[in-house]
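Listed below, chain by chain, are the residues.
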Amino acid sequence: MAGGGIPIGGGNKEYPGNLTPFVTITCIVAAMGGLIFGYDIGISGGVTSMDPFLKKFFPAVYRKKNKDKSTNQYCQYDSQTLTMFTSSLYLAALLSSLVASTITRRFGRKLSMLFGGLLFLVGALINGFANHVWMLIVGRILLGFGIGFANQPVPLYLSEMAPYKYRGALNIGFQLSITIGILVANVLNYFFAKIKGGWGWRLSLGGAMVPALIITIGSLVLPDTPNSMIERGDRDGAKAQLKRIRGIEDVDEEFNDLVAASEASMQVENPWRNLLQRKYRPQLTMAVLIPFFQQFTGINVIMFYAPVLFNSIGFKDDASLMSAVITGVVNVVATCVSIYGVDKWGRRALFLEGGAQMLICQVAVAAAIGAKFGTSGNPGNLPEWYAIVVVLFICIYVAGFAWSWGPLGWLVPSEIFPLEIRSAAQSVNVSVNMLFTFLVAQVFLIMLCHMKFGLFLFFAFFVLVMSIYVFFLLPETKGIPIEEMDRVWKSHPFWSRFVEHGDHGNGVEMGKGAPKNV
């Protein structure tokens, strides 16, 4: 197998331009699209640990948790209906991300963001006023449609707007918004759970309207990316936009490369079918395996079910919600580390360090829980120091994810696709992410019940596999213009065999191929 890392070949282009206040503010607003995803991840685990919510919608789980003291701690939340409440969102997001690809390509990135915000807003309203389980599920499905529409264009938008030297930091703003959404949701859950009358869960679920309004309004005021404007035929507007976001007049070289990429893109009749061509094998492989690996780090076991998990390992309700807040703070702070370092240290270094850190922590947590709970799931009196040690290792694990596989799982796929397959490939990326998010969410409580502490070892195995994969097969993409990314595949010792070295810079041979359908 080929060795890890690639040399960056000679003749690298260095487009002039600055990190202007305009592009910085624009990317911050766009990155807030991650708030809806993060808020939902954080809020769902919190409300499913609130007794009034369980008593109203999932009485069987409530009885197992509070009245049947003989129930194995590992299995107290094992309910297919409860799991469907959480995971139905991600199946809907998978489907909507495929539709979003066509809208993003033909009508621009902004329209998909607008649809995402509106659908999420309606879903939040239905969930906040829900009186039956079916209303919860319908609301979750609409939330999922919103997330699918938002997650598809936002990373692309950020990668296309950002100067290539700062692309990593600005793109990770999306992941930072996800972590902020998770943290805000955890804090709100903590306080809403204390409301007398037991209706705080309605505020938790209905509060999703706030991030939905942010992305909806933001999509209306954001400018289009030059790449998208060229793709839709507005070259004059695209050049003026490029001058504005780069803060200089001399943008001819970058603009000409964007036009060349667009002209090549127009030759592609069917971007979905073109994804299967041999020369796109590296990008397609990354679009599938990176989101697959991201979900099998086990992070969503922590983020979806942090309060449930902490409750299951001996924390009381208030303590479990507070522990989720602590992991949320760690998540935000560690993501800021990635923003600082991704364009300095590179993507591979963060991937590998984060993988090693997560692997060690997962083994440590499995050993700690296994030693105290065994296979019976009944720990007796759990010493406070012991619980603190478990939370500490989980926090170190969350930090490792937050500066590696969390942000880079969105950044790397969004920057490696040539324009002619970019929307379709990003939809594959989001769809695979949502598919395995759905599967992990759907089977986690069953796996926790049957695998017990071994569940952490299960995910630790995948972290080991994905770290080996990164070492050998993921090239470094730091500091390479987005429309020049083909260089990393041509000079990689393994992937170069799939790339046609005579191709145009974006992977399409000029002068060949059918005209694009209108």
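Calculation notes
- Residues numbered from 1 in each chain as written.
- Predicted model: local features only at pLDDT ≥ 70, side-chain atom pairs only at ≥ 80, totals over all residues.
- Heavy atoms only, no water.
- Helix = DSSP H or I, 4+ residues; strand = E, 2+ residues; numbered from the N terminus.
- Buried < 20%, exposed > 50% of the residue type's maximum accessible area, 1.4 Å probe, protein only.
- Contact = heavy atoms within 4.5 Å.
- Areas by Shrake-Rupley, 256 points an atom, 1.4 Å probe, with all protein chains shown as cover.
- pLDDT = per-residue confidence, 0-100.
- Salt bridge = Lys/Arg side-chain N within 4 Å of Asp/Glu carboxyl O.
- Expected span 1.5 Å × (residues − 1).
- Core = buried A, V, L, I, M, F, W, Y, C linked by side-chain atoms within 4.5 Å.
- Phe/Tyr/Trp six-rings, centres within 6.5 Å; stacked < 30°, edge-to-face > 60°.
- Lys NZ or Arg CZ within 6 Å of the ring centre and 35° of its normal.
- Axes fitted to C-alpha atoms, helices over the stretch in contact; angles between N-to-C directions.
- Left-handed = near helix turned anticlockwise from the far one by under 90°.
- Disulfide = S-S within 2.5 Å.

**Description of the overall build of the chain**
The helix and strand inventory of the chain stands at 24 helices and zero strands. Buried residues in the chain amount to 63% of all 518 residues. Contacts in the chain between residues at least 24 apart in sequence constitute 83% of all its contacts with a sequence separation of at least 6. Accessible area of the chain: about 18400 Å², with a carbon and sulfur share of 67%.

**Examining the confidence of the model for the chain**
Summarising the model, the chain shows a mean pLDDT of 82, and 85% of its residues fall at 70 or more. Note on residues 1-11: pLDDT under 50 across the span, and 24 contacts to partners over four residues away in sequence or across chains. Predicted confidence for residues 504-518 stays below pLDDT 50, and this span has 46 contacts to residues more than four positions away or in other chains.

**Let's talk about the pattern of salt bridges**
Overall, the coordinates contain 14 salt bridges when judged by the stated rule. Note that Arg140 is salt-bridged to Asp40, the shortest N-O span being 2.5 Å. Highlighted residues: Arg140 in helix α7 (residues 133-151) and Asp40 in helix α2 (residues 34-47), separated in sequence by 100 residues. Ionic pairing is found between Arg232 and Asp224, a salt bridge with its closest N-O pair at 2.5 Å. Assessed through its relative accessible area of 32%, Arg232 is described here as partly exposed. Connected via shared salt-bridge partners are Arg109, Glu160, Glu231 and Arg422.

**Considering helix α6 (residues 109-128)**
The end-to-end C-alpha distance of α6 is 29 Å, a good match for the 28 Å that 20 residues give at a rise of 1.5 Å each. Buried residues of α6: Arg109, Ser112, Met113, Leu114, Gly116, Gly117, Phe120, Leu121, Gly123, Ala124, Asn127 and Gly128, and no others.

**Focus on the nonpolar core**
Of all hydrophobic cores here, the largest spans 64 residues; its most connected members are Met286, Trp405, Leu408 and Trp495. Of all the secondary-structure elements, those providing two or more residues to this core are α16 (281-295), α18 (317-345), α19 (347-373), α20 (384-402), α21 (405-416), α22 (419-451), α23 (454-473) and α24 (486-490). At ten residues, α22 tops the list of elements feeding residues into this core. Core analysis: the next-biggest nonpolar cluster, separate from the first, contains 63 residues, Ile147, Phe174, Leu222 and Leu258 among them.

**Examining the packing of aromatic side chains**
The final tally for this structure, using the stated rule, is 30 aromatic pairs. Aromatic pair Phe292 and Phe293: ring centres 5.5 Å apart, planes at 55°, arrangement tilted. Taken individually, Phe292 and Phe293 each receive the classification buried, so the pair is uniform in this respect. Each member of the aromatic cluster is reached from another via a ring pair, and the members are Phe292, Phe293, Phe296, Phe351, Trp405, Phe436, Phe458, Phe459, Phe461, Phe462 and Tyr469. Here Lys56 stacks its cationic end above the ring of Phe57, 5.7 Å away from the centre of that ring.

**Things to note about the packing of α16 against α23**
Look at α16 against α23: their axes get within 9 Å of each other, and the N-to-C directions meet at 150°. The element α16 and its partner α23 pack so that their crossing is left-handed. In contact with Thr285, Met286, Leu289, Phe292, Phe293 and Gln295 of α16, α23 contributes Phe459, Phe462, Val465, Met466, Tyr469 and Leu473.

**A short note on the state of the cysteines**
Linking two cysteines covalently via their sulfur atoms produces the bond known as a disulfide. This model, assessed by the stated rule, comprises zero disulfides. In this structure Cys361 is a free cysteine whose sulfur lies 9.6 Å from that of Cys395, the closest cysteine sulfur available.

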